[in-house]
Amino acid sequence: MTDEHGPGRATAGFHEVYGTEPGGVWAAPGRVNLIGEHTDYNDGFVMPLALPHTCLAAATPRTDGVLRLHSGDAPGGTVELRVEELAPVAGGTGGGDRGGWAAYPAGVVWTLRDAGLLTGAAGGADLYFESTVPTGAGLSSSAALEVVTATALSDLYGLEITPGRIAQLCQRAENVFVGVPCGIMDQMASACCTEGHALFLDARDLTQRQVPFDLAAEGLRLLVVDTRVKHELGDGAYANRRAACEAAAEALGVPALRDVPFEGLDATLAQLERLGYDATTRRRVRHVVTEDRRVEQVIELLDVGDTRSIGPVLTAGHASCRDDFEISCAELDLVVESANAAGALGARMTGGGFGGSAIVLVAEADAEAVGKAVTEAFGAAGHGAPRIFPAVPSAGARRL
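Residues numbered from 1 in each chain as written. Predicted model: local features only at pLDDT ≥ 70, side-chain atom pairs only at ≥ 80, totals over all residues. Heavy atoms only, no water.

Chemist: I keep staring at the pairing of strand E9 (residues 346-350) and nothing clicks. Help me out?
Modeler: For a regular strand, side chains alternate in direction, first toward one face of the sheet and then toward the other. Most of E9 sits out of view: five of its five residues are buried. Where E9 lies against strand E10 (residues 355-363), five bridges are found, and the strand directions are antiparallel. Its bridge partner lying in E10, Gly-346 is registered against Leu-361. Between E9 and E10, which pair antiparallel in sequence order, lie four residues; one of them, Gly-351, sits at a positive phi of approximately 95 degrees. (Buried < 20%, exposed > 50% of the residue type's maximum accessible area, 1.4 Å probe, protein only. Helix = DSSP H or I, 4+ residues; strand = E, 2+ residues; numbered from the N terminus. Pairing = 2+ DSSP bridges.)

So this is what it looks like as structure tokens:
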């Protein structure tokens, strides 16, 4: 399903489920992260871009406080909830008894109500979702679902919430209601990216700059390689790594690892060793500090129009994710190794890790050969074929 056909499909799906026409159709994209992995919750720098793949929401408001949610992509029919009864489940997760995927839009509605943006019987709605964002691929399908919900409700109820504020509310929904301790990057990318640009985001103060990223003009292509695997190890590992980073920052007496200067990294690591922190924690710190520096390097190269030279920075970022943060896996490593061996300019895993996707920067003339080499390498290793497609920098959340 292409985005051009999306509004009609979503409208038809809404009518089939609810028997009426929707008040409108909205879209929010998935994302890939060009560079800056696991830096957002360390108050650091990230650089995502929106994909053309979107989550669509056809929606209409209700006046009785009932929230009905239906996904054209998930089994189980329509989930019906009451807005006034929405609350995080004790223990910090609101997803356990709400049908899995429905916790994300329900959490957004709870967050809007909790922030005083929806009051009384308002906030009820009928929502129908369809998505072309691959799930389980590390491309932020959940953030797209959250952001499209908030964007639709903001328009339907005349709330006039800014894209940046929408991202913050959606992050809170995922942190507090769903119980996932994610950073702000995914929601900011879905809400704020613009076509033809990558988003340079400072996760501390949320200042942002749209950086021109016109790959086609330079004869380049950025491929997304969805390995189609997700290793269970990732379930608790994200929280473990976040906790390690926060503990190290506290020990160093800084607000976040973003405040550790790259030039003073060796001294910082020696200080942590004297304080009794093990080699694993020191590697986690080294990843975050060097990854922030890699984001700055990519910005510097893009600002002077030297996109080709970001390739080695991407590959260095993968090595850091693999060795220092230990969030890669055999399939992701194989993408990077086989792509670079076949002539790619650079490659790295993208997203939370333990599966999902990698990105590969290639000259346009080499894209087909590199993709073929990766697919053949997967076959030789006994893996299923990966899904490969170009990442085209696209627009953020919007009404269609």
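Chemist: Looking at this structure, I do not really get the pairing of strand E8 (residues 220-230). What am I missing?
Modeler: As defined by bridge partners, E8 adjoins E10 across eight bridges and the pair is classed as antiparallel. The partner of Val-225 across the bridge, within E10, is Ala-358. Pairing analysis gives four bridges linking E8 to strand E11 (residues 387-390), with the strands arranged antiparallel. Residue pairing across strands places Val-225 opposite Ile-388, the latter belonging to E11.

Chemist: What is the right way to look at the UniProt feature "site: Transition state stabilizer" (unreviewed entry) in the chain in this model?
Modeler: Those residues carrying the UniProt feature "site: Transition state stabilizer" (unreviewed entry) are Arg-31 in this numbering. Relative to the helices and strands, Arg-31 is located in strand E1 (residues 24-35). Judged by relative accessible area, which is 3%, Arg-31 ranks as buried. The residues contacting Arg-31, other than those within four sequence positions of it, are Pro-48, Leu-49, Ala-50, Leu-51, Gly-138, Leu-139, Ser-140, Met-185, Asp-186, Ala-189 and Gly-351. At 2.9 Å, the side chain of Arg-31 forms a polar contact with the backbone oxygen of Gly-138. (UniProt positions renumbered as here; feature names shortened; annotations may be inferred. Contact = heavy atoms within 4.5 Å. Polar contact = N/O pair within 3.5 Å; in protein donor to acceptor, adjacent residues only side chain to side chain.)

Chemist: Looking at this structure, how should I read unusual backbone geometry?
Modeler: Leaving glycine aside, a negative phi is the common case for residues, and trans is the common case for peptide bonds. We note that Glu-160 has phi near 55 degrees; this positive angle belongs to a residue other than glycine. Looking at the element boundaries, Glu-160 is found in the loop between helix H3 (141-156) and helix H4 (163-178). Residues other than glycine seldom take positive phi values, yet Glu-326 does so here, at roughly 55 degrees. As for its position among the elements, Glu-326 is in the loop between helix H9 (311-323) and helix H10 (330-341).

Chemist: What exactly am I supposed to notice about the packing of H9 against H10 here?
Modeler: It is the contact of H9 with H10, at a shortest axis distance of 11 Å, that shows an interaxial angle of 155 degrees. Looking at the two axes, H9 sits roughly antiparallel to H10. At the point where H9 passes H10, the crossing takes the left-handed sense. Of the residues in H10, those touching H9 at Thr-315, His-318 and Arg-322 are Leu-332, Asp-333, Val-336 and Asn-340. Tallied by class, residues from the contact of H9 with H10 come to two nonpolar, three polar and two charged. (Axes fitted to C-alpha atoms, helices over the stretch in contact; angles between N-to-C directions. Parallel < 35°, antiparallel > 145°, perpendicular 65-115°, else oblique. Left-handed = near helix turned anticlockwise from the far one by under 90°. Nonpolar A, V, L, I, M, F, W, Y, C, P; charged D, E, K, R; others polar.)

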